[in-house]
Structure formats: C-alpha cells, structure tokens
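# Remarks on the overall topology
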2 protein chains.
Amino acid sequence: MPAKRKPAPATAEHAPLQLEHFLPYRLSILSNTISQAIADDYQRRYDLSMTEWRVMAVLGRFEGLSAREVAERTAMDKVAVSRALSRLVEAGRVNRDIHDGDKRRSVLSLTEAGWAMHDEVAPMARARERAVLARLDAEERVWLERILDKLQAGNGGRATANRD
Amino acid sequence: MPAKRKPAPATAEHAPLQLEHFLPYRLSILSNTISQAIADDYQRRYDLSMTEWRVMAVLGRFEGLSAREVAERTAMDKVAVSRALSRLVEAGRVNRDIHDGDKRRSVLSLTEAGWAMHDEVAPMARARERAVLARLDAEERVWLERILDKLQAGNGGRATANRD
DNA sequence: TCGTTATAGTTACAAATGAAACCAATTGCA
DNA sequence: TGCAATTGGTTTCATTTGTAACTATAACGA
C-alpha cells in the first residue's frame, strides 16, 4: 500500500465532476479562505462576528441607513441584520434611532466606539485584500476586475454573502 | 424625501471600505450566488444537502476513499463529512465498508442508487458552470483560469468550502 | 375614514455547523 | 512485548443560521 494513494477514477461512463477544475468549487474555496483570513484578524480580538463587521462596514460608509437598507447593501437577509444590530447596539457600537416620519424604520449610525473599532478593522481588511492582489501582476488585476464585473452582471438579483 | 435615497458618505477622515469594490466581498457574493443556484437544482428534488452532494461528487470521481480522504478532497472538516456520510449511507446512496488492514478506516463508494443520482446531478452542476462561463469570452476564460491558479497557490493549506 | 394590503423589524423554533470530548484501532518505540 | 502517542471516526453540546410567524406602523383604495 503506497503512502499517498490516489484512487483510480471510477468507471468511465459516469463522467464525474473534477472538483479541482470546477469553477464553483474553486471560487468557494478561494472566497472562504480569504474571508476567513480577514475574520481571523478581528473575531477574537474584538468579539465581532463576520455579519456584525459587515454591518459596521456599510454603516461606516453610509450613515443613517435603515435596517432594510443595510440588508440590501450587505446582501444579508433582514433577520441576520436584525440579530447583528441587536448585538452591536447592545455593545454600544451602533446607535439605533427612529425615523422621523416613519416609526417602523430605524436610523442607524456608528457610535464613537463603533468608529474607533471601524478605524482599526478596516485597514486590516484592506491589508488582506492587498496581500491577495499582490499575487497578481498589474495586467492580471485588470482582467480580474473586468471578469468579476461581467460575472456579477449575470446575477439577476438573488445573492447572499456569508463571509468577508 | 427622494425615492432612492443614497446616504452621503460618512466623514472623510475614516476611510470606510467600499464593499462594492472590495475583492473579498465580491468573491463572496459571486461564489454564494453560483453555489446556491446549483444547490437549488437538487436540494428539494433529491433531499440532498450541499455537503452531501460534495461528498458524492468526490466519491464519483474516486472510489474507495476513506472518510478522511473525502474530507481532504472536499475541504470539509471531518465532522461534517461524518455527518454527511451517515445520512448518505442511511439513504442507501453510499456503501461504507471497513478497510482490510485497518479497522478504523472506512472504504466508501457510491451504491447503484447513488450512481443514478450522481449521473443526474453532475450534468446539472456542469450546466450551471457553463452558464456562468458563457458570460466570458475565450480570452477572459483563459485569464480567469490563470488568475485562479495564482490566487489559490498563495493559500498555504487552510481552506474550507461551504457551498457548491 | 375604514378596511385591506404592504412594509420594517423582531421573535420563536428547527435545522445546520463548529469545537471539544470521546472511543477504538494502530503506530512507534523503550 | 507493553504503553504512550497518533489517527480515523463519532458523539455531544453550544452557537449560528434559516424559515415562518408575528407585531406594529404606514400606504392604498373604495
């Protein structure tokens, strides 16, 4: 019995998938690896989940969003956003006010503590992104950008993101 | 109050992330969208989870793997594999035998029913992949291949896949 | 202006996932 | 040999996540 046994392919007529060359699989691995690396930077240190960070990131970019708008921008569903927000508000990282003309809507923003954390985590995330892109040369980066644009254009509307 | 309110960027000094241009985020959305589309093809129809399908896919490609080898090839952790296998064996889709020289190891293969299902699902997955790649021209596909190779090369070994 | 329908958000419950402890068989080595 | 360390795999428990139902407010139409 050899040490690194590579079992022979199954019977020919079945045409099995070769996961290692299957685009959806490769994307999944790559995406999860990167997202997890970023998450590792802050999860324990700040007791912050990925969903929570994602919410904070959009609130850093756009102040005064409602929960639903946060859900749209993060591609999370509203329940996930609700849960993330209740933890963030609890932890004093996000302010939740009520919309003037509509008592159902919340008006969300980062607190001072929230901003402080944001300003530490955002650079770490950016650094990870740079580390990934550093594996590509300038030409490849341009193509990647273009390819992602085209691939995303095809997705009707349905989309969810789990990690970042 | 305009219909499609786009809140103004937060104060300048904070340098928030622009998720819509942030590579990890874009990859996450894209990957989850594609994986979910594939999963939608079989989840309800066959009462098959994504992890279960992933296990079946590698067993379709390599017969006689042990559970640990399946875990390696699917980038799932061994607990997830164990759970998927117990359901698959239960459902009569996978045979679990015991290795001759090592009573701890299992020797896994698809049953006839397992193969039948495999032969229906694999083409659907491939069709989805084709649909995605169809959005690119030949040159872009070549670059994508190359870029994925380089990006994946950078990942030490740690990697997990959730969806496919 | 009343009743229906739609929207924002939360709650409750079930299913999926992750981490650690665990069992059994095997290996390594004194 | 014999016993500690390792490996393959499962079980258990806590946490996370997804889905559906629910509350409250607002919008719409007769």
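First, a word on what this report is: a plain description of the structure on this page. (Residues numbered from 1 in each chain as written. Chains lettered and ligands numbered in written order. Predicted model: local features only at pLDDT ≥ 70, side-chain atom pairs only at ≥ 80, totals over all residues. Heavy atoms only, no water.)

### Regarding the overall build of chain A
Along chain A, the regular secondary structure elements total six helices and two strands. The N-to-C order of helical and strand elements in chain A reads α-α-α-α-β-β-α-α. Within chain A, buried positions represent 50% of all 164 residues. Relative to all contacts within chain A whose residues are 6 or more apart in sequence, the contacts with residues 24 or more apart total 53%. Counting every atom, chain A has about 8500 Å² of accessible surface; 50% of that belongs to carbon and sulfur. (Helix = DSSP H or I, 4+ residues; strand = E, 2+ residues; numbered from the N terminus. Buried < 20%, exposed > 50% of the residue type's maximum accessible area, 1.4 Å probe, protein only. Contact = heavy atoms within 4.5 Å. Areas by Shrake-Rupley, 256 points an atom, 1.4 Å probe, with all protein chains shown as cover.)

### Overview of the relation of the copies chain B and chain A
In the superposition of chain B on chain A (RMSD 0.1 Å, axial shift 0.0 Å), the rotation amounts to 180°. These values place the two chain copies in the arrangement generated by a two-fold rotation axis. A high fraction, 100%, of the interface residues of chain B reappear at the interface in chain A, so the copies pair face to face through one surface. (Least-squares fit on C-alpha atoms with pLDDT ≥ 70 in both.)

### Structural notes on the protein's contact with DNA strand C
Among the 18 residues in the neighbourhood of DNA strand C, the closest are listed as A:Arg68, A:Ser82, A:Arg96, A:Arg104 and B:Arg83. The sugar-phosphate portion of DNA strand C accounts for 54% of its atoms within 4 Å of the protein, the bases making up the rest. Contact between DNA strand C and A:Arg104: a base oxygen at 2.5 Å from a side-chain N or O atom of the residue. In this structure, a base nitrogen belonging to DNA strand C sits 3.3 Å away from a side-chain N or O atom of B:Arg104. Mapped onto the surface near DNA strand C, the elements with two or more residues apiece are helix H3 (67-74) and helix H4 (78-90) of chain A together with helix H4 (78-90) of chain B. Top element by residues in the surface near DNA strand C is H4(A). It accounts for four residues. Class assignment for the residues of the surface near DNA strand C results in three nonpolar, four polar and 11 charged. (Near = heavy atom within 4 Å. Polar contact = N/O pair within 3.5 Å; in protein donor to acceptor, adjacent residues only side chain to side chain. Nonpolar A, V, L, I, M, F, W, Y, C, P; charged D, E, K, R; others polar.)

### Here's the deal with the packing of helix H2 (residues 50-61) of chain A against H4(A)
Residue and element names in this part refer to chain A. Where H2 contacts H4, the axes come no closer than 9 Å and their chain directions differ by 80°. Classified by the angle their axes make, H2 and H4 are roughly perpendicular. Contacts between H2 and H4 involve Thr-51, Glu-52, Val-55 and Met-56 from the first element and Ala-84, Leu-85, Arg-87 and Leu-88 from the second. Looking at the contact of H2 with H4 residue by residue, the classes come out as five nonpolar, one polar and two charged. (Axes fitted to C-alpha atoms, helices over the stretch in contact; angles between N-to-C directions. Parallel < 35°, antiparallel > 145°, perpendicular 65-115°, else oblique.)

### Details of the protein's contact with DNA strand D
Taken together, 18 residues are adjacent to DNA strand D, and A:Arg83, B:Arg68, B:Arg96, B:Arg104 and B:Ser106 come closest. Taken together, the sugar and phosphate atoms account for 55% of what DNA strand D places within 4 Å of the protein. Between A:Lys103 and DNA strand D, the recorded distance is 2.8 Å, taken from a backbone N or O atom to a phosphate oxygen. Contact between DNA strand D and B:Ser82: a phosphate oxygen at 2.7 Å from a side-chain N or O atom of the residue. Elements represented by at least two residues in the surface near DNA strand D include exactly H4 of chain A together with helix H3 (67-74) and H4 of chain B.

### Section: the pattern of salt bridges
Taken as a whole, this structure holds 22 salt bridges over all chains when the rule is applied. Among the ionic pairs, A:Arg105 bridges to A:Glu69, the shortest N-O distance being 3.7 Å. Of this pair, A:Arg105 sits in the loop between strand E1 (94-98) and strand E2 (106-110) while A:Glu69 sits in helix H3; the two residues are 36 residues apart in sequence, bridging distant segments of the chain. Assessed through its relative accessible area of 9%, A:Glu69 is described here as buried. Across the pair B:Arg87 and B:Glu52 runs a salt bridge whose closest N-O atoms are separated by 2.7 Å. Of this pair, B:Arg87 sits in helix H4 while B:Glu52 sits in helix H2 (residues 50-61), and the two are 35 residues apart along the sequence. (Salt bridge = Lys/Arg side-chain N within 4 Å of Asp/Glu carboxyl O.)

### A short note on the environment of A:His99
Residue and element names in this part refer to chain A. Note that His-99 resides in the loop between E1 and E2. The buried category is assigned to His-99, whose relative accessible area is 16%. In this structure, the C-alpha to C-alpha distance between His-99 and Gly-64, residues 35 residues apart in sequence, is 9.3 Å.

### A short note on the interface of chain B and chain A
On the side of chain A, 78 residues touch chain B, which itself brings 78 residues to the contact. Buried surface at the junction of chain B and chain A, both sides included, amounts to about 7600 Å², of which 59% is carbon and sulfur. When the buried surface of chain B facing chain A is broken down by residue, B:Leu17, B:Arg26 and B:Arg61 rank first, second and third, together holding 10% of it. Along the contact surface separating chain B from chain A lie 10 salt bridges. The partner of A:Glu20 in a salt bridge is B:Arg61, with the nearest N and O atoms 2.7 Å apart. At the surface where chain B touches chain A, the tally comes to 20 residue pairs in polar contact (both at pLDDT 80 or more). Taken together, the elements giving at least two residues each to the side of chain B that touches chain A come down to helix H1 (23-46), H2, H3, helix H5 (112-133) and helix H6 (138-153) of chain B. Looking at the side of chain B that touches chain A residue by residue, the classes come out as 37 nonpolar, 18 polar and 23 charged. (Buried area = accessible area lost by both parts, 1.4 Å probe.)

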